[in-house]
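These are the residues of each chain, in order.
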Amino acid sequence: MKLSKMQQLVFIEIFVLVLLIGIYVEQKSDDSSDILSTSSNEVYRLVSEEDDTKKDFIKWVDFNVTKEAMQDAYDYDVNTYGQEIHLDWISLLSYKACQNGGDFSHYKTGDMSEIAEKLTNKETTLKDLTKDMKYYDYYYEAYDAVLGGLVGEYEIETASGSETFEKKYGLKGFLPLAKNFPYSDYDDFGVSRSYGYKRQHLGHDMMGQIGTPVIATESGYVEAIGWNQYGGWRLGIRSFDGKRYYYYAHLRQNFPYCKSLKEGSVVTAGDVIGYLGHTGYSTTENVNNIDTPHLHFGLQLIFDESQKEGNNEIWVSCYELTRFLYQNRCETAKNEETKEWSRVIDMKDPAVEEWEKNNTR
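A short tour of the structure in this document, coming up. (Residues numbered from 1 in each chain as written. Predicted model: local features only at pLDDT ≥ 70, side-chain atom pairs only at ≥ 80, totals over all residues. Heavy atoms only, no water.)

Another point: the overall build of the protein. When you go through the protein residue by residue, the secondary structure sums to ten helices and 17 strands. When burial is assessed residue by residue, the protein has 46% of its 361 residues classed as buried. Sequence-distant contacts, at least 24 apart, represent 66% of the contacts inside the protein between residues at least 6 apart. Of the accessible surface of the protein, which amounts to about 19,300 Å², a share of 49% is contributed by carbon and sulfur atoms. (Helix = DSSP H or I, 4+ residues; strand = E, 2+ residues; numbered from the N terminus. Buried < 20%, exposed > 50% of the residue type's maximum accessible area, 1.4 Å probe, protein only. Contact = heavy atoms within 4.5 Å. Areas by Shrake-Rupley, 256 points an atom, 1.4 Å probe, with all protein chains shown as cover.)

The next point concerns the sheet that holds strand E17 (residues 347-348). Sheet architecture is open: three strands sit in the order E2-E1-E17, paired in antiparallel fashion. Two strands lie at the open edges of the sheet, namely strand E2 (165-171) and E17, each paired on one side alone. Sheet topology note: the strand E1 (residues 151-157)/E17 ladder contains two bridges and is antiparallel. Bridge assignment links Ile156 to a residue of E17, and that residue is Met347. (Pairing = 2+ DSSP bridges.)

One can describe the packing of helix H4 (residues 67-80) onto helix H5 (residues 89-100) by two numbers: an axis separation of 8 Å at closest approach and a directional angle of 135 degrees. Between H4 and H5, the angle is such that the two are oblique. Pair H4 / H5 crosses with right-handed handedness. Here Ala69, Met70, Ala73, Tyr74, Tyr76 and Asp77 of H4 lie close against H5, whose contacting residues are Trp89, Leu92 and Leu93. For the contact of H4 with H5, a count of residues per class yields eight nonpolar, no polar and one charged. (Axes fitted to C-alpha atoms, helices over the stretch in contact; angles between N-to-C directions. Parallel < 35°, antiparallel > 145°, perpendicular 65-115°, else oblique. Left-handed = near helix turned anticlockwise from the far one by under 90°. Nonpolar A, V, L, I, M, F, W, Y, C, P; charged D, E, K, R; others polar.)

Another point: the pattern of salt bridges. Taken as a whole and assessed by the stated rule, the structure comprises 14 salt bridges. Salt-bridge contacts for Lys308 lead to Glu223; the nearest nitrogen and oxygen are separated by 3.5 Å. Of this pair, Lys308 sits in the loop between strand E13 (294-301) and strand E14 (314-316) while Glu223 sits in strand E8 (residues 220-228), and the two are 85 residues apart along the sequence. Of the residues examined, Lys308 reaches a relative accessible area of 13% and is grouped as buried. Note that Glu305 is salt-bridged to Arg238, the shortest N-O span being 2.4 Å. In this pair, Glu305 is assigned in the loop between E13 and E14 and Arg238 in strand E9 (residues 232-239), connecting sequence segments 67 residues apart. Taking the relative accessible area as the measure of exposure, Glu305 reaches 52% and is therefore exposed. The network of salt bridges with common partners includes Glu223, Arg238, Glu305 and Lys308. (Salt bridge = Lys/Arg side-chain N within 4 Å of Asp/Glu carboxyl O.)

Here is the structure:
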């Protein structure tokens, strides 16, 4: 069948278009091969770096490290502290993340032993192991933002009221609920919420008894205190390095905080900062509109101050983190005169001393 000139032109145009699309797809396939093999958090970083109009900082983090992986890395860190080869737990976790694309769902206790033994036996170095890992620096920066203030040197009181302190190294971060107070929880990060507007739940709910002492997970300073219609009576505590913003919400009606706290107050990890309740979901202050008493515990990462509020906020899941922190619960006692609770064993954090030395007015 003979084609008309018009049909011939249409056929040629279609052929050229198909050819161009094929070339484009092939090029994009080559260009995006690294992206397709990475997790979603890496993609966010890659996309942001290609946008020259934006600053070069991390735009998103999916923190999926399990309690088992954190525990293994932490144990190696503490057990090698002070030795010739000290295994930093964040470095170990970052290395494993490069191997699994940030997905720790299949991690089993002991999976870190092979690499740890090679490093301690000087068979290799972390620098050599990671030199060809394109995203190691990304994971290290991201995980350091989440975990950077939880492990280090500190001094702990040898007995309550003794005022005699012993130097130690290890976990100086605490579970956000006091010891000997029961609670229940489950992984509820990202679950839908509808009050005010449809949104995701960007925190971790820990259901417990009204009045349970709420504990500062990390040392820092009070950045926000007061009423928020979504969080009720809430506290926001910023880490000294500025990377973490801890959000404690739905605190107790009438007596939500320790009375001494105000904006700018410095707290030490393990201090009692407030009390569990069910305030919130109201524009009117001091209202209990939450059905189940619980602490909403949130962790926001801040790589640039532009991420503090608005559409660029980075909140990470705290479920596995609280499982890990369960091993360090702060014991508290009640002052019947003031009705305040306080820690039984005092602790000195070098980070607090450094902050106060540099920020005295």
